Amino acid sequence: MSSDNRPFVTDDSQVLTDTRDARMTGEDNRFNSKLREAFGSSPFILTKFDKFMNWVRGSSMFMLQFGIACCSIEMMHTYAVKHDLDRFGAGVPRASPRQADVIIVPGTIVSKFAPRMKRVYDQMPEPKFVIGMGSCTISGGPFQEGYNVIKGAEEVIPVDIHVPGCPPRPEALVYGVAKLQERIANGESSPVTVKPYELEQFGDLDRDEIVDQLAQEIDEEDLVMRYNWADSP
Amino acid sequence: MSLEEPEPDVPATVEEQSPDEIAEMLSDHVIGREEHLNAPGYVIRPDAVQDVLSTLKTEAGYDHLSCVTAQEYEDRYESIYHLKKFDDPTQEVSVVVPADRENPVSESADPVFRTADWHEREAYDLVGIEYDDHPDLRRILLPETWQGHPLAADYDQDRPQVVPLRENANPLQEDQRSEQDTDTMFLNIGPHHPATHGVLHLKTTLDGEQVADVESDIGYLHRCEEQICQNGTYRHQIMPYPDRWDYISAGLLNEWAYARAAEDMADIDVPEYAQVIRTMGAELCRIAAHMLAVGTFALDVYGDFTAIFMYAIRDREKAQNILEDLTGQRLMFNYFRLGGVVWDLPEPREEFFEKTRDFLEDLPEALEEYHDLISGNEILQMRTIDTGVLPPEVAKSYGATGPVARGSGIDYDLRRDDPYGYYDELDWDVVTEDGCDNYSRLLVRLREVEESAKIIEQCIDLLEDWPEEDRTIQANVPRTLKPDDDAEIYSAVEGAKGELGIYMRSDGTDKPARFKIRSPCFSNLQTLPEMAEGEYVPDLIAALGSLDIVLGEVDR
Ligand code: SF4
């Protein structure tokens, strides 16, 4: 650089050219990270803000610490040593639903628990994502025939990713989480399912035999969930 | 079993009464006799339950009500009280209480055995028998607004049900729940809470920082296991389910419970070689289960998600790898078959042995670490010694078994006392601790890991030298198994959490007419109020952690 009156020249043909050339031509690709490729040689990136947000969201997910049944044991293994979900930017279990982005539903959902799970889901701030872990969250799994079992998590809350298995191996769950991250980063929105089971006020239910029977026991304003074992798929 | 250390409080012979002596003792309360495969059965009048049970308890020494089974016949309802002796569980009697078809009522056993409280509530909930004199006869597993009793004959599964969400509606809305004593505060712990080890709901009333009252609300994982087993065939369809009762890797222990009951019922002999494999696999499961118990206990007490929990998981992973080599699955093994196991050890055998040996070799060092970090740690000692005290008499009355009972000095372990598998040929000890507190229960688990390691090592030695031509892994079992009509059996094994029993009644078909699971956690969890009331909230959490419940087994 010359010593005249223009002290702030950044003529980039003269700055760091050697390293950059080496990188561009592939002689030295130490610095060719994904990020670099996205940035190119310029210090700016142009992107849509929501695209950026999606990318951020997918790269840092807070999971809800939520255990139901057998699958939660494998979920714990996924969080812990060896499989270490944290490596993928998704391994900080949060004890409170208010701090969590993702809920992994690991296990069989029964009638008594479903309203509570719905409540926990409702308490999570938007945007929120759901991973259904195990056959039980897909269809009721091995317990589908049970009188008390909800045939899949999707009866209660919308699910973004299903990880099949009974229980899925930790690797499978990791894959499921990675897939979810990919979807989030691509801005694919979560599916909206028709939810047959909703929390409603008891007074709003259609009157029929069972409602009449229970009218003594349940207040009009109490929240209830109505099950119809035979009707769900 | 070790012979080096004679246990003075387990006399070699516990006084045994012949069936006729017992019948005499019960005199005119008995209205009939039955023969169950495991024990003599006495049919008694429905209003004499308390008399009969207290006679049996005080005069004949049957101090362990291990299970209450309820079922419906075409012409009557029936509750069966399975009694045993803590000092010698091979001595059993069944007390059969018929109840009227139209108006099924019988007397509650709660004043005699505290454990009857929950068992009878469950019988009421699922089958529909009512118990006179019961302190609190409500539904226990199903939501309180449920209609019908699902294991009764006329239950219609297709009817709609309505379940309310009342509790937890707004925790801050009404802080003072009790009208008389406005100093207390009601606190919900669960059903979604990290310290409850699953979906357990504790309704706690606090007086300042002390627990004035705690009531467990269970049933959030009631997966109808009994119904599903009743719909499965003995030979193949039931075996996958036991894995899912106590799912903390204790699969093989649970499978054994079913295998034992069914094999006794259908008179199947298991080849010795398969017994050794079973014993080895079961103990590997026990190690894995206890590791998780210890890890989560430390997590409850320290809130430390890093060191101890991770160490425990690390050691579990090793055990699970070995089990995976053996069975093909990490968690839900489905490895036992009636009459043996499904396949032989993996080839090459040497590699498997070496891997297992490596695991066992590293174990003492790992345990050393646990003792450094946990049992030798002053903070943990302060939190756990003399908290959650469970005196042995109370534990017995609640039917507590497993490490919970052994931590209260009750020397009761079915592996030794009612031997099955290969246990009585091997050299190992039953671990007991006399502290009765949270710390003792923790120590029992850690020490049991050592004993299990001993057992596995001996099994490996045996398997290594087993002559190749004798390696029969399964007995000949007919393709469809139909035990004799009306055969009834209750038999139990020592699961990871205690006595895991199965009651089965056959009706001559290839499916059981009644399948009842006696889960150790169900009984153990009942002791929680005894341990926690009057203590601080953190001690409640520690006590719950030391019980090591698993909700899949509590709710079934
Ligand atoms: S999918 Fe299988 S392992 Fe998972 S909760 Fe259901 S039964 Fe358990």
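Predicted model only: the values in this text are computed from it and were never measured. (Residues numbered from 1 in each chain as written. Chains lettered and ligands numbered in written order. Predicted model: local features only at pLDDT ≥ 70, side-chain atom pairs only at ≥ 80, totals over all residues. Heavy atoms only, no water.)

What to know about the packing of helix 4 (residues 70-79) of chain A against helix 7 (residues 170-185) of chain A
Residue and element names in this part refer to chain A. Short version of the rule: The axes are straight lines fitted to the C-alpha atoms, using for helices just the contacting stretch, and the angles between their N-to-C directions are given from 0 to 180°. The secondary structure listing takes helices from DSSP runs of H or I that are at least 4 residues long and strands from runs of E that are at least 2 residues long, numbered from the N terminus. We call two directions roughly parallel when the angle between them is under 35 degrees, roughly antiparallel when it is over 145, roughly perpendicular when it lies between 65 and 115, and oblique otherwise. Here a residue-residue contact requires only that any non-hydrogen atoms of the pair lie within 4.5 Å.
In the contact formed by helix 4 and helix 7, the axes pass within 9 Å of each other and the chain directions differ by 70°. As the angle between them shows, helix 4 and helix 7 are arranged roughly perpendicular. Here Glu74, Met75, His77 and Thr78 of helix 4 lie close against helix 7, whose contacting residues are Pro170, Leu173 and Val174.

Examining the interface of chain B and chain A
Quick reminder of the rule: Note on terms: buried area is the combined drop in 1.4 Å-probe accessible area of two parts once they are placed together, counting the loss on both. Any Lys or Arg side-chain nitrogen found within 4 Å of a carboxyl oxygen on Asp or Glu counts as a salt bridge. Definition of a polar contact: a pair of N or O atoms within 3.5 Å, with one able to donate and the other able to accept a hydrogen when the atoms are protein atoms, and with sequence-neighbouring residues admitted only if both atoms are side-chain atoms. Residue polarity follows a fixed list, in which Ala, Val, Leu, Ile, Met, Phe, Trp, Tyr, Cys and Pro are nonpolar, Asp, Glu, Lys and Arg are charged, and the others, Gly among them, are polar. Each pair of strands is called paired provided DSSP finds at least two bridges between the two strands.
Each partner contributes residues to the interface: chain B has 60 residues there, and chain A has 56 residues. For the pair chain B and chain A, the summed buried surface comes to about 5,200 Å²; carbon and sulfur atoms form 63% of the total. When the area that chain B buries against chain A is broken down by residue, the three leading residues are B:Val162, B:Leu165 and B:His192, summing to 15%. On inspection of chain B and its partner chain A, the count reaches four salt bridges. A salt bridge links B:Arg330 to A:Glu74, with the nearest nitrogen and oxygen atoms 2.7 Å apart. Put simply, chain B and chain A have 12 residue pairs in polar contact (both at pLDDT 80 or more) between them. Per-element tally for the side of chain B that touches chain A: the top contributor is helix 7 (residues 307-327) of chain B, with nine residues. Looking at side-chain class alone, the side of chain B that touches chain A contains 33 nonpolar, 14 polar and 13 charged residues. Taken together, the five bridges between strand 7 (residues 223-227) of chain A and strand 8 (residues 161-165) of chain B define a ladder with antiparallel strand orientation. Bridge pairing in strand 8 of chain B links A:Met225 to B:Val163.

Considerations on the site of the ligand
The condition is simple: Put simply, a residue is near a molecule or strand once any heavy atom of it comes within 4 Å of that molecule or strand.
Taken together, the neighbourhood of the ligand is formed by 16 residues, with A:Cys70, A:Cys71, A:Ser135, A:Cys136 and A:Cys166 sitting nearest. Those chains with residues close to the ligand are chains A and B. Listed by contribution, the elements that provide at least two residues to the shell around the ligand are helix 4 and helix 6 (135-139) of chain A. Its residues assigned to classes, the shell around the ligand comprises nine nonpolar, five polar and two charged.

Focus: the UniProt feature "domain: NADH:ubiquinone oxidoreductase 30kDa subunit" (unreviewed entry) in chain B
To keep it simple, the criterion reads: UniProt positions are given in the numbering used here, feature names are shortened, and annotations may be inferred rather than shown by experiment.
In the UniProt entry, the feature "domain: NADH:ubiquinone oxidoreductase 30kDa subunit" (unreviewed entry) is given for residues 43-159 of chain B. In residues 43-159 of chain B, helix accounts for 18% and strand for 28%; the two terminal C-alpha atoms are 35 Å from one another.

Structural notes on the domain arrangement of chain B
All names here are of chain B. Keep this limit in mind: Domain delimitation in this document rests on an assignment produced automatically or drawn from a domain database.
Annotation of chain B at the domain level lists domain 1 (19-132) and domain 2 (225-555). One C-alpha centre belongs to domain 1, the other to domain 2; they are set 28 Å apart. Across the contact, 33 residues belong to domain 1 and 31 residues belong to domain 2. Of the roughly 2,600 Å² buried where domain 1 meets domain 2, counting both sides, 55% is carbon and sulfur surface. Looking only at domain 1, the three residues that lose the most surface to domain 2 are Leu37, Phe86 and Trp118, adding up to 25% of its buried area. The interface formed by domain 1 and domain 2 contains three salt bridges. Across the salt bridge formed by Glu499 and Lys84, the nearest N and O atoms sit 3.1 Å from each other.

Observations regarding the packing of aromatic side chains
Residues and elements named next belong to chain B. Going by this rule: Stacked, edge-to-face and tilted are the three classes for Phe, Tyr and Trp ring pairs, Trp counted by its six-membered ring, which pair at centre distances within 6.5 Å; planes under 30 degrees apart are stacked, over 60 edge-to-face, the rest tilted. Only when the NZ of Lys or the CZ of Arg is both within 6 Å of the ring centre and within 35 degrees of the ring normal is a charge said to sit over the ring.
All told, the structure shown has 17 aromatic pairs over all chains when counted by the stated rule. Both rings, one in Tyr420 and one in Tyr423, keep their centres 5.4 Å apart while their planes meet at 75°; by these two values the pair is edge-to-face. Following the ring pairs from residue to residue traces out a cluster consisting of Trp256, Tyr335, Phe336, Tyr420, Tyr423 and Trp428. The positively charged end of Arg556 is found above the aromatic ring belonging to Phe522, 4.9 Å away from the centroid.

Regarding the sheet that holds strand 15 (residues 499-506) of chain B
Residue and element names in this part refer to chain B. Taken together, three strands build an open sheet; the order of strands is 14-15-16 and the sheet is antiparallel. Of all the strands in the sheet, just strand 14 (488-494) and strand 16 (512-518) have a single pairing partner and so form its edges. Neighbour to neighbour, the strand axes of the sheet diverge by 15° on average, direction disregarded. The pairing of strand 15 with strand 16 spans six bridges and is antiparallel. Each residue of the ladder has a partner; that of Met504, found in strand 16, is Phe515.

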